[in-house]
Amino acid sequence: MPDLNLIQKIAIWVIPVLLAVTLHEAAHGWVANRLGDPTARMLGRLTLNPLKHIDPIGTILVPAILLLLPGRFLFGWAKPVPISPVNFKSPRRDMAIVGAAGPMANLLMAVLWCLVGRLSLYLPDSAGHIKLPLALLGVAGIFVNVLLMVFNLLPLPPLDGGRVASGLMPRQWARVYDRIEPYGFWILLLLIATNVLGFVLWPPVSILLGTLAGAAGFGGNEYVALLQMLM
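Our subject in this report is the structure included herewith. (Residues numbered from 1 in each chain as written. Predicted model: local features only at pLDDT ≥ 70, side-chain atom pairs only at ≥ 80, totals over all residues. Heavy atoms only, no water.)

This part takes up the packing of helix α4 (residues 91-121) against helix α9 (residues 196-215). Look at α4 against α9: their axes get within 8 Å of each other, and the N-to-C directions meet at 40 degrees. Our classification of the angle between α4 and α9 gives oblique. As α4 runs across α9, the sense of the crossing is right-handed. Packed against α4, whose contacting residues are A110, V111, C114 and R118, the element α9 presents L212, G214 and A215 at the interface. Here the contact of α4 with α9 is built from residues that sort into five nonpolar, one polar and one charged. (Axes fitted to C-alpha atoms, helices over the stretch in contact; angles between N-to-C directions. Helix = DSSP H or I, 4+ residues; strand = E, 2+ residues; numbered from the N terminus. Parallel < 35°, antiparallel > 145°, perpendicular 65-115°, else oblique. Left-handed = near helix turned anticlockwise from the far one by under 90°. Contact = heavy atoms within 4.5 Å. Nonpolar A, V, L, I, M, F, W, Y, C, P; charged D, E, K, R; others polar.)

Time to look at the packing of aromatic side chains. Inspection of the entire model under this criterion finds two aromatic pairs. Measuring from ring centre to ring centre gives 6.0 Å for W13 and F143, while their planes differ by 70 degrees; the resulting arrangement is edge-to-face. Taken together, the positions of W13 in helix α1 (residues 6-34) and F143 in helix α5 (residues 128-152) put the pair 130 residues apart, joining distant regions of the chain. Residue classification places W13 among the buried residues on the basis of a relative accessible area of 11%. The exposure class of F143 is buried, given its relative accessible area of 13%. (Phe/Tyr/Trp six-rings, centres within 6.5 Å; stacked < 30°, edge-to-face > 60°. Buried < 20%, exposed > 50% of the residue type's maximum accessible area, 1.4 Å probe, protein only.)

Moving on, we come to α1. With 29 residues, α1 extends 42 Å between its outermost C-alpha atoms, agreeing within 8% with the 42 Å of an ideal straight helix rising 1.5 Å per residue. The largest bend along α1 reaches roughly 30 degrees and is located at V14, with the proline P16 sitting one to four residues downstream. Capping the start of α1 is the job of one residue whose side-chain oxygen sits 3.1 Å from the backbone nitrogen of I7: N5. Looking at the residues trailing α1, positive phi occurs at G36, about 115 degrees. (Expected span 1.5 Å × (residues − 1). Bend = angle between axes of the 7 residues up to and from the residue. Polar contact = N/O pair within 3.5 Å; in protein donor to acceptor, adjacent residues only side chain to side chain.)

So this is what it looks like as structure tokens:
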């Protein structure tokens, strides 16, 4: 397989990453709006315009630096969609549903990127200038959406998984659990620094990547080879 230069790699990653972040955040706002909270809609966050969701530091600078470091663990964040739970009929339940909406949007996108990857398999070999980029887009799209989904489902406030866990707990437990939120970011950094986060994330990420790569028509070794081209 041909080697890609840095510009080519960035060009492949930028579309899946921007779509993953944008639709993840828009899904939170869209579901919140459906459940009675118009805050995100009123602030213009129910949009597919990535500029409305991108955090210059968390979406661009931090991931770019991490990609250049040994180990290449990818981590970042977007602007949180503003939610006002007081507008919900059942605040705890509805916040859990809104929290789950972002990761579920990433799962749907991962499936759609499977279709892009499978499409590349049906192109004739003579269409190499389209075939390989489509395959790489599919691989990148599956990877980034699976990683974003699993990461955000960690039951740690203020991640989406923390919202879901809090909504499922008995109320008295949730009150104690929610007090973790001001320290959640620092706990997350500690988990990254000690490699505990990678240890926790890798099993579900590996299973989902294998399943979706197979659905896209890539063998395990082929998927890994294509992913390595992008690293």
